[in-house]
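# Descriptive structure summary
Single-letter residue listing:
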Amino acid sequence: MPDNRVNDFVIKVANVNGTGSASANGLLMKSIFRMGIPVVGKNFFPSNIQGLPTWYEIRVTKDGYTCRTGSTDIMVAMNAETYADDLKELPPGGVLLYDSTWPRKDLLQREDVTVIGIPFSAMCNKAFDSARAKVLMKNVAYVGALVALLDIEMEVVENLLKETFASKQHLMDSNMQAISMGYDYAMEHFDCPLNCRLERMDKTDGYVMVDGNTTAGLGSVYAGATVVSWYPITPSTSLIDAYSLFCKQLRTDKDDNDEPVNNYCVIQAEDELAAIGMVLGANWNGARAFTSTSGPGISLMSEFLGLAYYAEIPAVIFDVQRVGPSTGMPTRTQQCDITAAAYASHGDTRHVLLFPADPTECFEMALNAFDLAERLQTPVIVLSDLDIGMNDWMIPEITWDESYQPDRGKVYDAEALRDMDKFYRYLDVDGDAIPWRTLPGVDPRGAYFVRGSGHNQYGGYTEKSDEYQEVLDRLRRKSDTAATLAPAPVIEKGADIGAETNWAVISIGSCHGAIVEARDRLAADNVAFDYLRIKAFPFDPSVAEFIHRFDRVFVVEQNRDAQLRQMLSNELEIDPAKLIPLLSYDGMPVGSDFIVNALSAETAQQQTANAS
């Protein structure tokens, strides 16, 4: 067992989907958080309703890291079908807690781990009457055992249960009974606490536990979005659920008869194609409208995205990425839609992408997305992923700038239209490649046809080569303008430890947390490197400048084909040999161990080359 691991270890709970384990695991994680200890929760669940294996990983991290490590210290093995694999996952010195109602001698064959057996099922079968309660309460009972084994404050657990079941005393009583059973058994039969244990801290004040879909939904409300059209798809559905809930709280008024009036519209479309079509119609009419989807939805939306790009209609799309291709693994995470989103549709297109790294940036980039979409008159796609969107993150409480004003971009009002001889929809009058637009019904002088077919800069139909090319060239220049308006990349210098390297790291999105921890761990071994995090596409010019400073640049991303690396090479005319891919694409959130091991191997190779 690890020696004196205080507030720095990983618990993994193996269970069966549909048995109520999510509530028990949430109670465990929140209890640790309420003790002032930073914590991160990662849920690995199947894409069915119930019956298949599911895992929940809780990282207790006194230093406040937000990623997985890639290792497990305490395994709570509650699923007999995965016992063998769960035991294999433990390193020497690990702890296995399992339901000993049905003893399993093979669990005792590993002498390098501590095996703790508690008859959770037997205790609950005896204590509770209904079949459902027996299943649910055995999960609550293992929380009680961990309260004893990890030294969790019982008062914190009781308070959480009171908050959860404030109006349901019978559920409060049964949950507390199950907690006490697990706790009392562990205290009576084992040395408590373990060497892996908890001590109260004060590092969670001013923080909340939340997922990125919730904050993206909240950000859309605060950005002024009033219309959403969507089709359900994992893992983006909860974003619309959050948006709808916040709208009910923040966007509902009362009429003269004191009846509720909704100042928003949520439309469940028949498919993704219809969803994006409705979004374009609402945006063309002047609303701020959006949709959320995942990779398969982006594929279906691509033709309409080409229309929006060419006809220059604002739109916001949240793509919460999952594993592909095809249906893939709907409940696993990846960053595999990068090129599909950037160039969605046939023909020459180039869409604006935003890459949030955590739920805080999902909120912030929601505002960025709506402002950019209207400023640039083009689709903006926020590329989140399942890890950010559906997992539990600890972030600072979100603050709101009351002075925020939506950027509606270049929109002629009725007065401006009356003062001009003629309105030309696609004419670049300011030199930034963005034309002026009008809203329907403002003034007859601003009327125009939406042109998805060939059109000239005046908005007229054309099949003349030079007129078509003139518009297409302007759209390309608009990408250059987008690069100056989108969130700028963040450059972090390597630690000043006297260890110069001729290489650096570039990444996007949810890889960020793993890279932050990897840099700290490698600095302890006298390895330092510069790091650039890209926050948007088209790429800011500083990205190319950064790459040119180094002999080798490692590109960390979560897909098989190094899609970000491809785009860096193609868009910035970088020698591909200079960009070294570090790829994690097994469907699990990338861990710091993966990056540390890869870059340590590079350091060793470089040192060997220098020595020779």
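Keep in mind that what you see is a predicted model, and the values were worked out from it rather than measured. (Residues numbered from 1 in each chain as written. Predicted model: local features only at pLDDT ≥ 70, side-chain atom pairs only at ≥ 80, totals over all residues. Heavy atoms only, no water.)

## Side note on the side chain of Ser-569
Looking at the secondary structure, you find Ser-569 in helix α18 (residues 563-572). A relative accessible area of 12% places Ser-569 in the buried class. Look past the residues within four positions of Ser-569 in its chain and what remains in contact with it is Ile-574, Pro-576 and Leu-579. (Helix = DSSP H or I, 4+ residues; strand = E, 2+ residues; numbered from the N terminus. Buried < 20%, exposed > 50% of the residue type's maximum accessible area, 1.4 Å probe, protein only. Contact = heavy atoms within 4.5 Å.)

## Focus on the sheet that holds strand β6 (residues 95-99)
Ordered by their spatial adjacency, six strands build an open sheet running β3-β4-β2-β5-β6-β7, and the pairing between neighbours is mixed. Every interior strand has two partners, whereas the edge strands, β3 (39-44) and β7 (114-118), have only one. With direction set aside, neighbouring strand axes in the sheet form an average angle of 15°. Bridge count for strand β2 (residues 8-16) against strand β5 (residues 74-77) is four bridges, and the pairing is parallel. Along β5, the bridge assignment pairs Val-13 with Val-76. On the sheet, helix α4 (residues 131-150) packs against β2, β5, β6 and β7 and is oriented at approximately 160° with respect to β2. (Pairing = 2+ DSSP bridges. Axes fitted to C-alpha atoms, helices over the stretch in contact; angles between N-to-C directions.)

## Observations regarding the domain arrangement of the chain
Partitioning the chain into domains gives domain 1 (8-203), domain 2 (210-396), domain 3 (414-485) and domain 4 (490-611). On a C-alpha basis, the centroid separation for the pair domain 2 and domain 4 is 29 Å. Taken together, the 26 residues of domain 2 in the interface contact 23 residues of domain 4. Considering only the surface of domain 2 that becomes buried against domain 4, Gln-335, Ile-338 and Phe-355 emerge as the three largest contributors, covering 31% of it. A salt bridge links Glu-571 to Arg-350, with the shortest nitrogen-to-oxygen separation between them at 3.2 Å. The interface formed by domain 2 and domain 4 contains 15 residue pairs in polar contact (both at pLDDT 80 or more). Where the side of domain 2 that touches domain 4 is concerned, the elements lending two or more residues are α11 (338-342), β16 (352-354), α12 (359-376) and α13 (386-390). (Domains from an automatic or database assignment. Buried area = accessible area lost by both parts, 1.4 Å probe. Salt bridge = Lys/Arg side-chain N within 4 Å of Asp/Glu carboxyl O. Polar contact = N/O pair within 3.5 Å; in protein donor to acceptor, adjacent residues only side chain to side chain.)

## Here's the deal with the pairing of strand β23 (residues 552-557)
Burial runs high along β23: five of the six residues are buried. When strand β20 (residues 503-508) meets β23, the two strands line up parallel, connected through five bridges. Within β23, the residue paired with Ser-507 across the bridge is Val-556. Across five bridges, the pairing between β23 and strand β24 (residues 579-583) is parallel. Bridging from a neighbouring strand, Val-553 pairs with Leu-579 of β24. Remark: the β23/α18/β24 crossover connection has right-handed handedness. (Right-handed = clockwise from strand over helix to strand, strands pointing away.)

## Points about the pairing of strand β4 (residues 53-61)
The element β4 is extensively covered by neighbouring structure, given that eight of its nine residues are classed as buried. Across nine bridges, β2 lies against β4 in antiparallel orientation. By the bridge assignment, Ala-14 is partnered in β4 with Trp-55.

## Remarks on the environment of Cys-362
With respect to the helices, strands and loops of the structure, Cys-362 is situated in helix α12. On a C-alpha basis, the gap between Cys-362 and Val-135 in space is 36 Å, while along the polypeptide they are 227 residues apart.

## A short note on the packing of aromatic side chains
A full pass over the atoms with the stated rule returns 17 aromatic pairs. Summarising the aromatic geometry, the rings of Tyr-243 and Phe-290 are spaced 5.0 Å apart at their centres and angled 85° between planes, so their arrangement reads as edge-to-face. Highlighted residues: Tyr-243 in helix α8 (residues 237-250) and Phe-290 in strand β14 (residues 289-293), separated in sequence by 47 residues. As far as the burial class goes, Tyr-243 and Phe-290 line up, both buried. Ring geometry for Phe-537 against Phe-539: centres 5.0 Å apart, planes inclined by 75°, an arrangement best described as edge-to-face. (Phe/Tyr/Trp six-rings, centres within 6.5 Å; stacked < 30°, edge-to-face > 60°.)

## Observations regarding the sheet that holds β20
What the five strands build is an open sheet, ordered β19-β21-β20-β23-β24; its pairing is mixed. Only two strands of the sheet have a single neighbouring strand rather than two, namely β19 (490-492) and β24. Within the sheet, the average angular offset between the axes of one strand and its neighbour, ignoring direction, is 20°.

## Side note on the pattern of salt bridges
Opposite charge on two side chains makes pairing possible when the charged atoms of those side chains draw close. Following the criterion strictly, the structure yields 31 salt bridges and no others. Two residues, Asp-73 and Arg-5, come together in a salt bridge whose shortest N-O distance is 3.2 Å. Here Asp-73, found in the loop between β4 and β5, pairs with Arg-5, found in strand β1 (residues 5-6); they are 68 residues apart in sequence, far enough to count as distant. Arg-5 gets classed as partly exposed once you look at its relative accessible area, which sits at 25%.

## Section: unusual backbone geometry
Of note, the bond from Cys-192 into Pro-193 is cis; its omega dihedral lies within 30 degrees of zero at 0°. Following the sequence through the fold, Pro-193 ends up in the loop between α6 (169-189) and β8 (196-197). Residue Pro-538 is reached from Phe-537 by a cis peptide bond, and omega for that bond is 5°. Mapped onto the secondary structure, Pro-538 falls in the loop between β22 (536-537) and α17 (541-548). Even without being glycine, Gln-377 reaches a positive phi, approximately 55°. With a relative accessible area of 0%, Gln-377 lands in the buried category.

## Structural notes on the environment of Phe-449
Tracing the backbone through its elements, the reader meets Phe-449 in the loop between α14 (414-418) and α15 (465-485). The class of Phe-449 is exposed, set by a relative accessible area of 64%. Each C-alpha atom of the pair Phe-449 and Gly-460 lies 8.3 Å from the other, and the pair is 11 residues apart in sequence.

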